[in-house]
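Results of the structural survey
In case you want the letters, here they are:
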Amino acid sequence: MSKLKFILGFVLLLVLSVNLNAQTIPSVKSPKMNIPEVDLSSQVLGILNNTDDLELNSDQKDKLTKDNSSFVDQMMDISKSGKSDEDKKAAFLGLKNDRTKFLTSLLGNDLFRKYSGQILKSIGPLKSKLGLAALAF
């Protein structure tokens, strides 16, 4: 009788383990969804071109949009360059200084502060992706 219980217990354990194994999710890679990813430069440019709260005139918007495009292009060129980190830091800080001068002359001090605060708040989540380029803000 005890041999019978042992054999039945072993068979039950075997059946349960096969059942559990059959219910596990196979390690097959699921197909990648075709969700278009917005590249980093487009994200940054979208943030920089958001001037809804500033009440800028059309001339200011046009100049700002052109400068934003140029700024993002320069920033990405520096990021992709083969320069050392120290050279990149210096280039990003120089780019920031030039941009600050341009924005101050275009917007004035008050609007510049408001715009900069808006940009810093919006760019925060992208700082890890930007790496050293975040120094340009």
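Here, every reference points to the structure presented above.
What comes next concerns the included structure. (Residues numbered from 1 in each chain as written. Predicted model: local features only at pLDDT ≥ 70, side-chain atom pairs only at ≥ 80, totals over all residues. Heavy atoms only, no water.)

Points about the overall build of the protein
The test is simple: Strands here mean DSSP runs of E at least two residues long; helices mean DSSP runs of H or I at least four residues long; both are numbered from the N terminus. Burial here depends on accessible area, computed with a 1.4 Å probe over protein chains only, as a share of the maximum for the residue type. Under 20% is buried, over 50% is exposed, and the range in between is partly exposed.
The helix and strand tally for the protein stands at five helices and zero strands. Residues classed as buried in the protein amount to 24% of the 137 residues present.

Thoughts on the nonpolar core
Let me state the cut-off plainly: As used here, the term nonpolar core means buried Ala, Val, Leu, Ile, Met, Phe, Trp, Tyr and Cys residues forming a set that is joined through side-chain atoms within 4.5 Å.
Counting residues in each nonpolar core, the largest one holds 27 residues, and the members touching the most others are Val-44, Leu-48, Phe-71, Met-75, Tyr-115, Leu-130 and Phe-137. Broken down by secondary-structure element, the contributors of at least two residues to this core are α2 (40–48), α3 (58–80) and α4 (85–123). Element by element, the count of residues in this core is highest for α4, at ten residues.

Notes on α2
Quick note on the threshold: When we speak of the arc, we mean the arc of directions from the helix axis to the C-beta atoms. The contact rule is simple, with two residues in contact once any of their heavy atoms fall within 4.5 Å.
Residues of α2 that are buried: Val-44, Ile-47 and Leu-48. The arc enclosing the buried residues of α2, seen along the axis, measures out at 100 degrees, which places them on a common side. Where the residues of α2 are buried, they touch α3, α4 and α5 (127–130).

Here's the deal with the packing of aromatic side chains
So the rule is basically this: Working definition: rings of Phe, Tyr and Trp (its six-membered ring) pair if their centres are within 6.5 Å, and the pair is stacked with planes under 30 degrees apart, edge-to-face with planes over 60 apart, and tilted otherwise. We call a charge positioned above a ring when the Lys NZ or Arg CZ atom is no farther than 6 Å from the ring centre and deviates by at most 35 degrees from the ring normal.
Tallied over the full model, the rule gives one aromatic pair. Judged by centre distance (5.6 Å) and plane angle (80 degrees), the rings of Phe-71 and Phe-137 are edge-to-face. Of this pair, Phe-71 sits in helix α3 while Phe-137 sits in the segment after α5, and the two are 66 residues apart along the sequence. Take Phe-71: its relative accessible area is 3%, and that puts it in the buried class. Taking the ring centre of Phe-71 as reference, the NZ or CZ of Arg-99 above it sits at 4.5 Å.

Concerning unusual backbone geometry
Of note, the phi angle at Glu-55 is positive, near 55 degrees, even though the residue is not glycine. With respect to the secondary-structure elements, Glu-55 resides in the loop between α2 and α3. You can call Glu-55 exposed: its relative accessible area is 73%.

Here's the deal with the packing of α2 against α4
When two helices pack together, their arrangement is given by the angle between the helix axes and by the axis-to-axis distance. What counts, and what does not: Structural elements are reduced to axes, namely lines fitted to C-alpha atoms, with helices fitted over the stretch in contact, and the angle between N-to-C directions of any two is expressed from 0 to 180 degrees. Three categories are distinguished: nonpolar for Ala, Val, Leu, Ile, Met, Phe, Trp, Tyr, Cys and Pro, charged for Asp, Glu, Lys and Arg, and polar for the others, with Gly belonging to the last.
Where α2 contacts α4, the two axes come as close as 10 Å, and the packing angle between them is 115 degrees. Contact residues: Val-44, Ile-47 and Leu-48 in α2; Arg-99, Tyr-115, Ile-119, Ser-122 and Ile-123 in α4. Looking at the contact of α2 with α4, its residues break down into six nonpolar, one polar and one charged.

Description of a nonpolar patch on the surface
Formally: Here, patches come from residues exposed beyond 30% relative accessible area and free of salt bridges, joined within 9 Å for like charges and within 5 Å for nonpolar side chains (Val, Leu, Ile, Met, Phe, Trp, Tyr). In these tables, accessible area is a Shrake-Rupley quantity obtained with a 1.4 Å probe, and a residue counts as shielded only by the protein chains included in the view. Here, a salt bridge means any side-chain nitrogen of Lys or Arg that lies within 4 Å of a carboxyl oxygen of Asp or Glu.
On the surface, Ile-7, Val-11 and Val-15 cluster together into a nonpolar patch covering about 250 Å² of accessible area. Its place among the elements puts Val-11 in helix α1 (residues 2–23). Here Val-11 falls in the partly exposed class, since its relative accessible area comes to 41%.

Remarks on the side chain of Thr-51
With respect to the element layout, Thr-51 can be found in the loop between α2 and α3. Residue Thr-51 is classed as buried on the basis of its relative accessible area, which comes to 8%. Once residues within four sequence positions are removed from consideration, Thr-51 is found in contact with Leu-56, Lys-61, Leu-64, Tyr-115 and Gln-118.

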